[in-house]
Amino acid sequence: MFHAIAKREGLVINHKRTERIYKEEKLSLTIRRRKKRSSHARVEIPRAKKRNELWSLDFLHDALGNGRKIRILPILDTFTKECHRIEVDQSIGGRRVTSLLSEASLMQGLPENIVVDNGPEFISNAMDEWAYNRKVKLHFIRPGKPVDNAFMESFNSRLREECLNVNWFRSIEHARKVIEEWRIDYNENRPHSTLGFLTPKEFAQKEENMLLENSNSQWHYNWG
């Protein structure tokens, strides 16, 4: 990732040079992750093939410097990898979740599917009613199997390692500011190998341009 960012900014070309500088600055940290093993077949979550086909939600928990607990709720498009929003508060209930989804939908359009866990906020009547009225299909992962929502797990891992674990939040307002800055940087400056080393914002724009070109081509074809 660092090499992709440095190359985009014209700082390096050769990957070996990036590795050498990375090691010289002692940035190389070995993070051991426990291997995840699954004894049962995973739930088959539909893989998105277009924007707004599948959103993903999941809660994270953290604490302020004074020890007060906070909840963090990202809203992620699994196709473009765009994080539409990260809500931060001490309490986020089912009604609040639906309000956040409505606000995100006004800006991005409605998703066709949403994958969530079995938390009380997601199995609430408010969430069920919101999804039913908008013809949005909810996909619930197996209880105790967060790996069923691999899209969100990967994102939350980055958010925790790169933001939550390296910041000391003085207040909830401070936490919101720092996390929002991280979200913007993630969307606009972070290239992803799965997106052809484009940022989520660049990839989403590319897909939108392709859809517009296809639509214009079809219109010209129909009208000859």
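Model, not experiment: these values are computed from the prediction. Each chain has its residues counted from 1, following the order in which its sequence is written. Side-chain atom pairs in this predicted model are given and counted only at pLDDT of 80 or more, local residue features only at pLDDT of at least 70, and totals for whole chains, interfaces and linings cover all residues. Calculation of side-chain values draws on the structure's entire complement of heavy atoms; hydrogens and water are dropped beforehand.

Q: Which parts of the structure should I look at to understand the nonpolar core?
A: In a soluble, globular protein the nonpolar side chains are often hidden away together inside. Among the buried residues, those of types Ala, Val, Leu, Ile, Met, Phe, Trp, Tyr and Cys that are joined through side-chain atoms within 4.5 Å form a nonpolar core. Here the term buried applies to any residue with accessible area under 20% of the maximum for its type, exposed to any over 50%, and partly exposed to those in between, with areas from a 1.4 Å probe on protein chains only. Grouped together as the largest cluster of nonpolar side chains are 20 residues, with contacts concentrated most on I72, I86, F155 and L159. A run of H or I in DSSP counts as a helix once it spans at least four residues, and a run of E counts as a strand once it spans at least two, with each numbered from the N terminus. Per-element tally for this core: the top contributor is helix α6 (residues 172–189), with six residues. Those residues in contact with I86, other than ones at most four positions away along the chain, are I72, L73, P74, F155, L159, I179, W182 and R183. Core analysis: the next-biggest nonpolar cluster, separate from the first, contains 18 residues, L57, I92, L100 and F122 among them. Residue contacts are defined here by distance: any two heavy atoms, one from each residue, within 4.5 Å place the two residues in contact.

Q: Sorry if this is basic, but what is going on with α6 here?
A: Residues lying three or four places apart along an α-helix face the same way, a consequence of the helix completing one turn every 3.6 residues. Take the number of residues in a helix, subtract one, and multiply by 1.5 Å to get its expected span. Between its first and last C-alpha, α6 extends 25 Å over 18 residues, near the 26 Å set by a 1.5 Å rise per residue. I172, H174, A175, V178, I179, W182, R183, Y186 and N187 are the residues of α6 that are buried.

Q: Explain the layout of surface pockets to me, please; I cannot follow it from the model alone.
A: Over the atoms, a rolled probe matching the size of one water molecule traces out where space is still vacant. The method works on a 1 Å grid over the protein atoms by themselves. A cavity is a set of points holding a 1.4 Å probe that cannot get out, a pocket is an open set with protein on both sides within 12 Å along at least five of seven lines, and residues with an atom within 4 Å of a point line them. Grid points are joined across faces, edges and corners, and a volume is the space filled by probe spheres set on the points. Considered as a void within the structure, the second largest pocket measures approximately 350 Å³ in volume. Lining the second largest pocket are 17 residues, and of these E82, H84, Q108, N187 and K201 sit closest to its centre. Among the secondary structure elements, those contributing two or more residues to the lining of the second largest pocket are β4 (83–89), α3 (94–108), α6 and α7 (200–223). Residues are grouped as follows: Ala, Val, Leu, Ile, Met, Phe, Trp, Tyr, Cys and Pro are nonpolar; Asp, Glu, Lys and Arg are charged; every other residue, Gly included, is polar. Considering only residue class, the lining of the second largest pocket consists of five nonpolar, four polar and eight charged.

Q: What's the story with the pairing of strand β2 (residues 60–63) in this structure? I'm lost.
A: One face of the sheet, then the other: side chains in a regular strand alternate in exactly this way. Only one face of β2 is covered, namely the one carrying L60 and D62; the face carrying H61 and A63 has none of its residues buried. Here β2 pairs with strand β3 (residues 69–77) via four bridges, running antiparallel. Paired with D62 across the bridge in β3 is I70. Only strands joined by at least two bridges in the DSSP assignment are considered to pair. Between the end of β2 and the start of β3, which pair antiparallel, lie five residues, with G67 showing a positive phi angle near 95°.

Q: Just to check I follow, could you spell out the side chain of N156 for this structure?
A: In this structure, N156 sits in helix α5 (residues 150–162). On the basis of relative accessible area, N156 is assigned to the buried category, the value being 7%. At 3.4 Å, the side chain of N156 and the side chain of D58 are in polar contact. N156 has contacts with D58, L60 and P74, leaving out every residue within four places of it along the chain. In the analysis that follows, any N or O atom pair within 3.5 Å is treated as a polar contact, provided that within protein one partner can donate a hydrogen and the other can accept it, and provided that, for residues neighboring in sequence, both atoms belong to side chains.

Q: Honestly, the pattern of salt bridges in this entry has me stumped. Any pointers?
A: Pairing between side chains of opposite charge can happen when the charged atoms of each approach one another. Throughout this description, the term salt bridge denotes a Lys or Arg side-chain nitrogen within 4 Å of a carboxyl oxygen of Asp or Glu. Across all of its chains, the model carries 13 salt bridges by this definition. Between R71 and E121 there is a salt bridge whose closest N-O contact spans 2.7 Å. A residue pair is termed long-range when its members are at least 10 positions apart, and R71 in strand β3 and E121 in the loop between β5 (113–116) and α4 (125–133) qualify at 50 residues. A relative accessible area of 10% means that E121 is categorised as buried. Look at the salt bridges and you will find they share partners, linking R85, E87, D89, R96, E103 and R176 into a network.

Q: How do you make sense of the packing of aromatic side chains when you look at a structure like this?
A: Two aromatic rings, taken as a pair, are described by how far apart their centres are and by the angle between their planes. Pairing of aromatic side chains requires ring centres within 6.5 Å, counting the rings of Phe and Tyr and the six-membered ring of Trp. Pairs whose planes differ by under 30 degrees are stacked, by over 60 edge-to-face, and all others tilted. Applying the stated criterion across every chain yields a total of five aromatic pairs. Ring centres of W182 and Y186 lie 5.4 Å apart, and the angle between their planes is 20°; on these two criteria the pair is classed as stacked. With a gap of four residues between them, W182 and Y186 both fall in helix α6, about one helical turn apart. Overall, W182 belongs to the buried group, its relative accessible area being 9%. Y186 gets classed as buried once you look at its relative accessible area, which sits at 3%. An aromatic cluster is built from F155, W182 and Y186, whose rings are joined through pairwise contacts. Here, a charge over a ring is recorded when the distance from Lys NZ or Arg CZ to the ring centre is within 6 Å and its angle to the ring normal is within 35 degrees. Over the ring of F59 we find R71, and its NZ or CZ is 3.9 Å from the ring centre.

Everything listed here is a matter of geometry and, on its own, says nothing about what the molecule does.
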